[in-house]
Amino acid sequence: MLISRTWLEELLIDPQGGSLPGDDELGDAITSLGLEIEATTRYGEGLEVIIVGEVRSKSPHPKADRLGVVELFDGKETITVVCGAPNVPEPGGKVAFAPVGATLPGGLTLTAREVRGVKSHGMICSEQELEIGTDHDGILVLPSQWSAGERLVDLVPGIVDTVFEVGITPNRPDALGHVGVARDLAVKLQRMLTVPPLAEPKLPPLPDLVTLEAPERCGRYYGFAFEGAHVKASPLATRVRLHRLGLRAINNVVDITNLVLMEWGQPLHAFDRGKLAEGRVVVRLAKAAEPMTTLDEQSIELRDEDLVIADAQEPVALAGVMGGLESGVTTGSVALLLEAAWFSPTEVRRTARHHGYQTDSSYRFERGVDYGPGLARAASRALGLIEKLTGARCIGRQVVEGTLPPVPRIVLRPDRVRMVLGMQVEDSECESILVGLGVEVDASDAAAWVCRPPSHRPDLTREEDLIEEVMRIHGLDELPAEPTMPTAHWESAATGLHEPAGNLSRLQQDDLVDAFAAQGLHEMVGLAFANPEKLARVHGADGIPEPVALTNPMRGGGDVLRTHLLPGMLDAGALNVARHGRSVRLFEVGRIYRWGDPVGGEGPTSAIDQQLPHEAVRAAILLVASRAGDDREPVEGRAAAGILLDALQYLGLSGSLAPAAPDEKGLAHLHPGIRATVQVGGVQVGSFGAVHPDLVEAWEIPEELAVIYGELAVDALPAPTPADFVALPRFPATNRDLSLDLAVEIPAADVVAALSDAAAQTDDASAEDPARLSAGDRGREPIQVVEDYRGKGVEEGRRALLLRLAYRAQQRSVTDTEVQALHDRIVQGALERLRTRDAAAQPR
């Protein structure tokens, strides 16, 4: 939503005569209200010098057929300007003039220069050159009643302006118009909200103008009939205001509906009444397969559940979404019918999604526009503007009503406001804030106020919503900073503190995010909606595990809830690979969904829980880079293994690796020969490996890149035990490299396990301060897999596995002699175990 500072200044009046805060302070104030400023753009800087020029004479250029020489009066003197526009007005006409020294928005600074022998002093400008419109076919011709020498910025508000791009959450449809934002600011900044003048004519009823046949879909419909309209271009001020907000000026009638849309957040629509059969409209459900052509010239086939605005014969608009082509207002329109209505948000959303539309109107209707005073005021505002700008006369109106939402009755306890916010807020301030926002407050019972929210705030339905309103206006920055007792992640024998079991998974998710980010991975948040075809590829022969299908998908291809994180991560990986040549290191912690056995548990929601799908939490990583590695780290299986094991260690869990069984379920997405599982305490909690080549090809990732995927089942992770802390080692470790000749069938994890077992059996605890396997200075593991080589110099079916073992003593430096003796015993013990599976295993 784009918000104009100039427009806000017109709506917010300071009783003391002060002006609004500066752009940065005003942006901070809007953000503090929960309406986050995403961008701030300043327009028109330097246009303060553009003035009104009066044409005194014009003549052809003596040396150029397409140029003319204009004698222009700038309020002080007559100067000569060379101009090539075809629409220079006759003497006495007014134009936008940029004198010598002016700098135009494009960066051009004007100087006196000679054009084909005639010296030109300045420039007569078009809308596009001043960046106040899109018209570049000719110069900007101004109203003849304006005086030469007047500054354009004094005559046209908004030429110099600041526009805030505000992120509006779906629960705040009232903030989709300037009046809504100004209402919040008026309470925050203690100003007076002054709405534009509203027309209040006494209009005769026209009982046949509107017929409502679908009252459950249309709660209220205003219809106004006009005669004698002159449809033409809008005044410059209107065109500039719309242009600053990203809207294209069309004609005065359509521009008025867009102006009121941006002012009140209320979509309106104007029909050419002369094109309506019998000059009336019918609000009804469409007939099955009924055709219609929309304003964007698209032919659509309607459903019998689509709400349409029809004339006596056929549909002329898709209610709440888009008007029809044949009934649109053009320069030849004389009789008009103005629509202002409230349509069911849910049904507008369904219709817009089905037909693939998201318009300014549907965006607001599906969030819930005002059905009460705001609707009436927007209609009155448009009525007055149409009469003023088109010369039309409103000859009557009709208002029909259907089913409207009930007005909630909310009990607000002032003491609970202070309890929830954790700070003192006086009753008088709470009441002043709520009343300023339009809430009706009955405070006759001091302990329990009865409140009724305004019709423009469909999001206010319970006590906590009103408390949030008080907090927004009072200010989050006013919350006191007080120390609180930290909560442990699990029960601690030392302190007795514990975390409720239901919160453990949430805390572990947060810790996993920190752990992956600390290792240089970038977090991604994928959509929960997935393409079933992509899921089928990932699950392979295992099949999709009972996906949760959506009856009304938000977008094409997102027909089910995801049952795996890999498709979304591959989408992101493929996109990044296509955009740049750098490595991709992503992680995501999120939920997957599937139907299955009913969810267990007891409590007040257990009956509902039985009908819900499973929502398992997964933590996944995706690494994509050259097989030879990049400037950071080689991307191979061991890199993923290290990331997952380090993440578990961050949680206080000790993980280990184990080979994956050839027929293991749930690993169809991984390469059959390059995959392994992650275990904690002998229980499998995850897996990792190279993504299956068929998937790499399906996602069009170059085959020369290594694609590694790993995941952890967060719900399967046990609660960690309190860590035992020991002092950091004071003495350095020494390393020994070991290269083994092994059969490819023996996993590296089994080799590490054999070395670890041999080290445990050879550890002489009775010797005084012996050297032993210990974490190295550059890693957390005493045994690291450094390289897995297969190729030239290695026999077919075998591989050369390079490992690095670290040795350290706790109280002294170790000697090469004792370390080598211990190393030899460990290697010999491991080889004895490995030779039971590969008789030819030996050091290289």
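Quick caveat, the model's predicted, so the values are computed rather than measured.

> Got a minute to help me understand the sheet that holds strand 27 (residues 449-452) in this structure?
One key point about sheets: their strands pair by backbone hydrogen bonds, in either a parallel or an antiparallel sense. Taken in spatial order, the three strands make up an open sheet running 25-27-26, and their pairing is antiparallel. Pairing within the sheet leaves two strands with one partner each, and these edge strands are strand 25 (410-412) and strand 26 (440-442). Sheet twist, expressed as the mean angle between neighbouring strand axes with direction ignored, is 30°. Helix 13 (residues 463-474) contacts strand 25 and strand 27 of the sheet and is inclined by roughly 55° relative to strand 25.

> Teacher, can you tell me more about the pairing of strand 16 (residues 268-272) here?
Side-chain direction in a regular strand flips from residue to residue, so the side chains alternate between the two faces of the sheet. Buried residues dominate strand 16, accounting for five of its five residues. Pairing geometry for strand 16 and strand 23 (residues 336-343), over five bridges, is antiparallel. Bridge pairing in strand 23 links Asp272 to Leu336.

> Would you take a moment to explain empty space enclosed by the protein for this structure?
The gaps of empty space that remain are located by a probe, the size of a water molecule, rolled over the atoms. Here the structure, examined in full by the defined rule, presents one cavity of 30 Å³ or more. The computed volume of the largest cavity comes to approximately 50 Å³. Residue lining of the largest cavity: Arg217, Leu307, Ala319, Phe343, Ser344, Glu347, Val348 and Thr351, and that is the complete set. Take the lining of the largest cavity: its biggest share by element is three residues, from helix 8 (residues 345-355). Of the residues that constitute the lining of the largest cavity, the class distribution is four nonpolar, two polar and two charged.

> Can you help me understand the pattern of salt bridges in this one?
Two side chains of opposite charge can pair, provided their charged atoms sit close to one another. Per the counting criterion, the structure on display carries 48 salt bridges. Across the salt bridge formed by Glu347 and Arg350, the nearest N and O atoms sit 3.3 Å from each other. Remark: Arg350 and Glu347 occur in helix 8; sequence separation between them is three residues, near one turn of the helix. According to the relative accessible area criterion, Arg350 is partly exposed, its value standing at 40%. The residue Asp741 makes a salt bridge to Arg798 at a minimum N-O spacing of 2.5 Å. In this pair, Asp741 is assigned in strand 37 (residues 734-743) and Arg798 in strand 40 (residues 798-808), connecting sequence segments 57 residues apart. Like Asp741, the residue Arg798 is buried in the burial classification. Put simply, Arg172, Asp174, Asp184, Arg457, Asp459, Glu469 and Arg472 are held in one network by salt bridges that share partners.

> Looking at this structure, how should I read the packing of aromatic side chains?
Centre distance and the angle of the planes are the two values used to describe a pair of aromatic rings. One pass over the structure, following the stated rule, counts four aromatic pairs. Ring geometry for Tyr222 and Phe224: centres 6.2 Å apart, planes at 5°, overall stacked. The class of Tyr222 is buried, set by a relative accessible area of 11%. Here Phe224 falls in the buried class, since its relative accessible area comes to 3%. Arg56 extends its terminal NZ or CZ atom over the ring of Phe73, reaching a point 4.2 Å from the ring centre.

> Just checking my understanding: could you explain the state of the cysteines for this structure?
A disulfide bridge is the covalent bond that connects two cysteines by way of their sulfur atoms. A full pass over the atoms with the stated rule returns zero disulfides. Of all cysteine sulfurs, the one in Cys218 lies closest to Cys394, which takes part in no disulfide; the gap is 18 Å. The exposure class of Cys394 is buried, given its relative accessible area of 7%.

> What is the right way to look at the nonpolar core in this model?
Nonpolar side chains in soluble globular proteins tend to be buried together. Formed by 112 residues in total, the largest nonpolar core has its most connected members in Leu8, Ile30, Leu185, Tyr221, Phe226, Ile309 and Phe343. Sort the elements by how many residues they give to this core and helix 10 (residues 373-390) lands first, with eight residues. Residues in contact with Ile30, not counting those within four places in the same chain, are Leu8, Leu35, Ile37, Phe164, Val166 and Leu185.

> Can you walk me through unusual backbone geometry in this structure?
Most peptide bonds take the trans form, and the phi angle of most residues other than glycine is negative. Its identity as a non-glycine residue notwithstanding, Arg116 has a phi of 55°, on the positive side. For Arg116, the position within the fold is in the loop between strand 8 (113-115) and strand 9 (118-120). The exposure class of Arg116 is exposed, given its relative accessible area of 54%. Positive phi is not limited to glycine here, since Glu546 has a value of about 45°. Relative to the helices and strands, Glu546 is located in the loop between helix 15 (532-539) and strand 30 (560-561).

> Which parts of the structure should I look at to understand helix 15?
For an α-helix, 3.6 residues make a turn, and residues three or four places apart therefore share a direction. Among all positions of helix 15, only Leu535, Val538 and His539 are buried. Viewed along the axis of helix 15, the buried residues span an arc of 90°, placing them on a single side of the element. Between the side-chain oxygen at the start of helix 15 and the backbone nitrogen of Glu533 there is a gap of 2.8 Å, and the oxygen is on Asn531. Looking one or two residues past helix 15, Gly540 carries a phi angle of roughly 60°, positive in sign.

> Explain the pairing of strand 4 (residues 51-61) here, please?
Bridging between strand 4 and strand 7 (residues 94-98) involves four bridges; their strand directions are antiparallel. From the neighbouring strand, Gly53 faces strand 7, where its bridge partner is Val95. Summarising the sheet, strand 4 and strand 5 (residues 64-73) pair through seven bridges and their orientation is antiparallel. Residue Lys58 lies in a different strand from strand 5, and its bridge partner there is Val70. Here strand 4 hands over to strand 5 after two residues, the two strands then running antiparallel side by side.

Analysis parameters
Residues numbered from 1 in each chain as written. Predicted model: local features only at pLDDT ≥ 70, side-chain atom pairs only at ≥ 80, totals over all residues. Heavy atoms only, no water. Pairing = 2+ DSSP bridges. Helix = DSSP H or I, 4+ residues; strand = E, 2+ residues; numbered from the N terminus. Axes fitted to C-alpha atoms, helices over the stretch in contact; angles between N-to-C directions. Contact = heavy atoms within 4.5 Å. Buried < 20%, exposed > 50% of the residue type's maximum accessible area, 1.4 Å probe, protein only. 1 Å grid on protein atoms, 1.4 Å probe; cavity = no way out; pocket = protein on both sides within 12 Å on 5 of 7 lines; lining within 4 Å. Points joined across faces, edges and corners; volume = space filled by probe spheres on them. Nonpolar A, V, L, I, M, F, W, Y, C, P; charged D, E, K, R; others polar. Salt bridge = Lys/Arg side-chain N within 4 Å of Asp/Glu carboxyl O. Phe/Tyr/Trp six-rings, centres within 6.5 Å; stacked < 30°, edge-to-face > 60°. Lys NZ or Arg CZ within 6 Å of the ring centre and 35° of its normal. Disulfide = S-S within 2.5 Å. Core = buried A, V, L, I, M, F, W, Y, C linked by side-chain atoms within 4.5 Å. Arc of directions from axis to C-beta. Polar contact = N/O pair within 3.5 Å; in protein donor to acceptor, adjacent residues only side chain to side chain.

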